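Here is how the chains run, residue by residue.
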Amino acid sequence: MDAVELNAAREAVRANAPLVHCLTNTVVQAITANALLAAGAAPAMVDAPEEAGDFAAVASAVLVNVGTVHRRTAEAMRLAARSAGTAGTPWVLDPVAVGGLAYRTELAAELVALRPTVVRGNASEVMALAGAGAGGRGVDSTAATDDAVAAAVGLALHTGGVVAVSGEVDLLTDGRRIVRVGGGSVLLTRTTGAGCALGALVAAYLAVTDDPLTGAAAAHAHVALAAEWATATAAGPGTFAAAWLDALDAVDGDALAIADLRVADVRVAG
Amino acid sequence: MDAVELNAAREAVRANAPLVHCLTNTVVQAITANALLAAGAAPAMVDAPEEAGDFAAVASAVLVNVGTVHRRTAEAMRLAARSAGTAGTPWVLDPVAVGGLAYRTELAAELVALRPTVVRGNASEVMALAGAGAGGRGVDSTAATDDAVAAAVGLALHTGGVVAVSGEVDLLTDGRRIVRVGGGSVLLTRTTGAGCALGALVAAYLAVTDDPLTGAAAAHAHVALAAEWATATAAGPGTFAAAWLDALDAVDGDALAIADLRVADVRVAG
Amino acid sequence: MDAVELNAAREAVRANAPLVHCLTNTVVQAITANALLAAGAAPAMVDAPEEAGDFAAVASAVLVNVGTVHRRTAEAMRLAARSAGTAGTPWVLDPVAVGGLAYRTELAAELVALRPTVVRGNASEVMALAGAGAGGRGVDSTAATDDAVAAAVGLALHTGGVVAVSGEVDLLTDGRRIVRVGGGSVLLTRTTGAGCALGALVAAYLAVTDDPLTGAAAAHAHVALAAEWATATAAGPGTFAAAWLDALDAVDGDALAIADLRVADVRVAG
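An unreviewed UniProt entry lists chain A under the name Hydroxyethylthiazole kinase, with Blastococcus colisei as the source organism. Note on chain A: under the UniProt heading Cofactor (unreviewed entry), the record states "Mg(2+)". Of chain A, the UniProt comment under Sequence similarities (unreviewed entry) reads exactly: "Belongs to the Thz kinase family."

## Let's talk about the overall build of chain A
Across its full length, chain A holds eleven helices and nine strands. Here the C-alpha atoms of chain A give a radius of gyration of 16 Å, agreeing with the 18 Å that 2.2 N^0.38 yields for 270 residues. Each principal axis of the C-alpha atoms in chain A carries an extent, and together these give about 40 × 40 × 35 Å. Taking all 270 residues of chain A together, the buried fraction comes to 65%. If you sum the accessible surface of chain A, you get close to 8,600 Å²; carbon and sulfur atoms cover 54% of it.

## Brief notes about the environment of Val4(C)
Here Val4(C) shows up in helix H1 (residues 3-16). Placed 86 residues apart in sequence, Val4(C) and Pro90(C) show a C-alpha to C-alpha distance of 23 Å.

## Quick word on the relation of the copies chain A and chain B
When chain A is brought onto chain B, the operation consists of a screw motion whose angular component is 120° and whose axial shift is 0.0 Å, with 0.0 Å RMSD remaining. Expressed as a symmetry operation, the mapping of one chain copy onto the other fits a three-fold axis. Closest to the rotation axis within chain A is the C-alpha of Thr26(A), separated from it by 3.8 Å. In this assembly the copies use different faces: only 4% of the residues contributing to the interface of chain A also contribute to that of chain B.

## Overview of the interface of chain A and chain B
On the chain B side, the residues contacting the 27 residues of chain A number 23 residues. Here chain A packs against chain B, burying approximately 2,000 Å² in sum over the two surfaces, 55% of which is carbon and sulfur. Applying the counting rule to chain A against chain B returns three salt bridges. With a closest N to O distance of 3.1 Å, Asp249(A) and Arg190(B) form a salt bridge. Contributions of two or more residues to the side of chain A that touches chain B are made by helix H2 (29-39), strand E2 (42-44), helix H3 (49-58) and helix H10 (237-250) of chain A.

## Regarding the pattern of salt bridges
Where charged atoms of side chains with opposite charge meet at close range, the side chains can pair. All names here are of chain A. One pass over the full model with this rule turns up 36 salt bridges over all chains. Among the salt bridges present, the one from Glu 110 reaches Arg 78, with a minimum N-O distance of 2.8 Å. Here the residue Glu 110 occupies a position in helix H5 (residues 102-113), and Arg 78 occupies one in helix H4 (residues 71-87), the gap between them amounting to 32 residues. Residue class for Glu 110 comes out partly exposed when judged on its relative accessible area of 38%. When salt bridges that share partners are traced, they join Asp 174, Arg 176, Arg 177 and Asp 211 into one network.

## Digging into the UniProt feature "binding site: substrate" (unreviewed entry) in chain A
In this structure's numbering, the residues bearing the UniProt feature "binding site: substrate" (unreviewed entry) are Met45(A) and Gly193(A). For Met45(A), the position within the fold is in the loop between E2 and H3. Discounting chain neighbours no more than four positions away, the residues touching Met45(A) are Cys22(A), Thr24(A), Gln29(A), Thr32(A), Ala33(A), Val27(B), Gly67(B) and Thr68(B). Locating Gly193(A) in the fold gives a position in the loop between strand E8 (177-181) and helix H8 (194-206). Ignoring any residue separated from it by four or fewer positions in sequence, one finds Gly193(A) in contact with Val28(A) and Ile31(A).

## Topic: the packing of helix H9 (residues 212-233) of chain C against helix H10 (residues 237-250) of chain C
All names here are of chain C. Contact pair H9 / H10: the axes reach a minimum separation of 8 Å and the direction vectors enclose 130°. The orientation of H9 with respect to H10, classified from their angle, is oblique. Judged by the twist between their axes, the crossing of H9 over H10 is right-handed. Judged by residue contacts, His 222, Val 223, Ala 226, Ala 227, Trp 229, Ala 230, Thr 231 and Thr 233 of H9 engage Phe 240, Ala 243, Trp 244, Ala 247, Leu 248 and Ala 250 from H10. Considered class by class, the residues forming the contact of H9 with H10 number eleven nonpolar, three polar and no charged.

## A word on the confidence of the model for chain A
Of the residues in chain A, 97% have a pLDDT of 70 or more, and the chain-wide mean is 94. Listed scores for the predicted complex are pTM 0.97 and ipTM 0.96.

## What about the interface of chain A and chain C?
Taken together, the contacts link 23 residues of chain A with 27 residues of chain C. Around 2,000 Å² of area is buried between chain A and chain C when both sides are counted, 55% of it from carbon and sulfur atoms. By the criterion of area lost to chain C, the three top residues of chain A are Leu101(A), Arg137(A) and Arg190(A), representing 27% of everything that side buries. Where chain A meets chain C, there are three salt bridges. Residue Glu51(C) is joined to Arg104(A) by a salt bridge in which the shortest nitrogen-to-oxygen separation is 2.6 Å. Counting only elements with at least two residues in the side of chain A that touches chain C, the list comes to H5 and H10 of chain A.

## Points about the UniProt feature "binding site: ATP" (unreviewed entry) in chain A
All names here are of chain A. Cross-referencing UniProt, the feature "binding site: ATP" (unreviewed entry) maps to Arg 120 and Ser 166 in the present numbering. Across 47 residues of sequence, these annotated residues stay compact in space, with a maximum C-alpha separation of 7.3 Å. The contact partners of Arg 120, leaving out residues within four places of it in the chain, are Val 92, Leu 93, Asp 94, Pro 95, Ala 164, Ser 166, Gly 195, Cys 196, Leu 198, Gly 199 and His 220. For Arg 120, the side chain forms a polar contact with the side chain of Asp 94, separated by 3.0 Å. Considering the arrangement of structural elements, one finds Ser 166 in strand E6 (residues 162-166). Those residues within four positions of Ser 166 in sequence are excluded, and the remaining contacts are Arg 120, Gly 121, Asn 122, Ala 123, Thr 145, Leu 198 and His 220.

## Concerning the relation of the copies chain A and chain C
For these two chains of identical sequence, chain A goes onto chain C by a turn of 120° and a shift of 0.0 Å along the axis, with RMSD 0.0 Å. The overlap is low: 4% of the interface residues of chain A also sit at the interface in chain C, so different surfaces are used on the two sides.

## Quick word on helix H8 (residues 194-206) of chain C
All names here are of chain C. Over its 13 residues, H8 extends 18 Å from the first C-alpha to the last, a length consistent with the 18 Å expected when each residue adds 1.5 Å. Across the 13 residues that make up H8, a large majority, twelve, are buried. Listed in full, the buried residues belonging to H8 are Ala 194, Cys 196, Ala 197, Leu 198, Gly 199, Ala 200, Leu 201, Val 202, Ala 203, Ala 204, Tyr 205 and Leu 206.

## Some thoughts on the environment of Leu36(C)
Residue and element names in this part refer to chain C. Here Leu 36 shows up in helix H2 (residues 29-39). Given a relative accessible area of 0%, Leu 36 falls into the buried group. Between the C-alpha atoms of Leu 36 and Ala 216, which are 180 residues apart in sequence, the distance is 14 Å. Beyond its immediate stretch of four places on either side in the chain, Leu 36 contacts Val 20, Cys 22, Ala 41, Pro 43, Ala 200, Leu 201 and Ala 204.

Parameters and conventions
- Residues numbered from 1 in each chain as written.
- Chains lettered and ligands numbered in written order.
- Predicted model: local features only at pLDDT ≥ 70, side-chain atom pairs only at ≥ 80, totals over all residues.
- Heavy atoms only, no water.
- UniProt positions renumbered as here; feature names shortened; annotations may be inferred.
- Helix = DSSP H or I, 4+ residues; strand = E, 2+ residues; numbered from the N terminus.
- Rg over C-alpha atoms; globule rule 2.2 N^0.38 Å.
- Buried < 20%, exposed > 50% of the residue type's maximum accessible area, 1.4 Å probe, protein only.
- Areas by Shrake-Rupley, 256 points an atom, 1.4 Å probe, with all protein chains shown as cover.
- Least-squares fit on C-alpha atoms with pLDDT ≥ 70 in both.
- Contact = heavy atoms within 4.5 Å.
- Buried area = accessible area lost by both parts, 1.4 Å probe.
- Salt bridge = Lys/Arg side-chain N within 4 Å of Asp/Glu carboxyl O.
- Axes fitted to C-alpha atoms, helices over the stretch in contact; angles between N-to-C directions.
- Parallel < 35°, antiparallel > 145°, perpendicular 65-115°, else oblique.
- Left-handed = near helix turned anticlockwise from the far one by under 90°.
- Nonpolar A, V, L, I, M, F, W, Y, C, P; charged D, E, K, R; others polar.
- pLDDT = per-residue confidence, 0-100.
- Polar contact = N/O pair within 3.5 Å; in protein donor to acceptor, adjacent residues only side chain to side chain.
- Expected span 1.5 Å × (residues − 1).

Laid out in structure tokens, this is it:
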């Protein structure tokens, strides 16, 4: 994708303030909501089974993150994912720690069958979801992004959507094209919820772009550039989190378009 | 109300450190607790049905916020509200996103029947609770504060308590008097949980003041002045949140009393 | 314990990045995860009954904190504690507000019978757990650390583990030895979750040290020294939280070893 598309996607988030319905883990709800607000989107965290289906139908996009899932929230996730599918609302699946734990691995397989617009995870999670690996160590990947290329492409062809693999360089594919997004900062891995918030930002971008691969890549570039800016001012992992939110707000379409994040590295897969 | 009352209310929070029992949504529990601590109050987040009734009876004040309510926490909220009513403990209802979602709208109607000391919400929420509107967009209001005057007055006469409508200028009424609190900062709307934390601070002030309208207005003024101070030092929405907590601590009775927030704008309603 | 042990324990956390399985209250999950990440450990918050037992068996250490416990999470805690016991994995019990509320007091007694490696709480909580007091005011202690010496020693002899009492000066004992850790900052008490995060850091240290008293004391010293550093740069309780996380990262073994925290004050108990 080119600079014009990146610019347009970023500005569209701010102009449209998409309402992102987040069913996410309780550890990261606050930073997820704050990242969406900083980027110009509107978060709503509705995870009761009594409400999740109805709300997903009116939201601009939906995020399903299984980080602290249990029986009640699993039911809400199923309802929200089905409702999003029926309404044609884009939705993102974040398979946190899938592979290592049977309960969430089965749930994630169910959700994959509902065809998420984007799956976003680390290499271990994507490989486990594609049946190509056993999962990572807790929430951390034990595999490198490039190890997950075949799994990501296969999973994308299976869902008909996009698969995004986060790592030192992020890798995104829709099964035909591969995009790599570089940049970012190691401090993202020292801040709980940065990856989960990225999933929510992907949802926000999906709501305002026609091509899911473009939207997902723009969200990754936005997060990476903001992390670089924040690293320049942060004194450590604590002050980084606030600086990153400041930078998510400050990064505009022009800044994103001219950033040297190698987003343009697009190749035909297969 | 006058400067002397504002000063006294602020100092009474610090002197008495009221124990505020919060049944609130999981997104904002941390910033709510931190806002109470910064102001000099003592938070406790107890939302198990097994404990909420007992704890409400010994707390100085109670907050019930339905932001992420579900079956278990709804039951805890009913028990806490009833217990507070029996004990004569002041309590605040924050009807987050009521109007748009049937489940929480029915719950909020139940809770209103238990006569909260203060209802605090945005214009859409208050109008929906008063039967005068259909709710907002997710957690955001689609109505202006002044649109909600009649609904707020009517709701206050119905509960016998105070209704506080947050907006660019906040509007508070006990059905007889109207207070407007100006000031504040747009960054409050870019920080998840700032409005919810305001509800908790209202509860803290209710515990140390005799007149609920005075207590609620002082809490709103405290939040607004702290937001102005924080805006002066923040570099964006991320650093604003920490600066706002610093300022909630730094604002003392004298600072609040001399702030030009138009708190004195009191008129007879009706 | 001496400076060499403190230095070695601190460096071992960073070198081994222990995976700390946290079953903790929803208010403090984020700051707990961030404190572990800042110190160099790896957090994972898994609190579903379907997963908690399995995960505790593969984690490096486990934290059980009853701050917002309810039926589902209580069941997960029982499973995790039993699993840790069977696997020989060190685990920490943080009995938040035990004494004042019957439900969690009974649960804590059950968990104590499973012999936690370390119990960490304030004086009121430890005294209530030892049957020597009625609990504090909400989450705050109404007793001084020195009031809890006999209760702490008795409880340590009962569990066969370590009991750590947080206060202005922290007191730790394994029933034979007593260690006091001074320093710290009053701002720790103005930040929600600082004490709970300390419990998680104790778990991280237990995973990399042979002697639980040494590990627990090193964690307390780490937190206290980081709080001192953060107080020097913070403008209030809001900026303190981020500065404290920065300092948890910055404090290394050498800094900890030469800090004047009176950690060396070891005496034979009884």
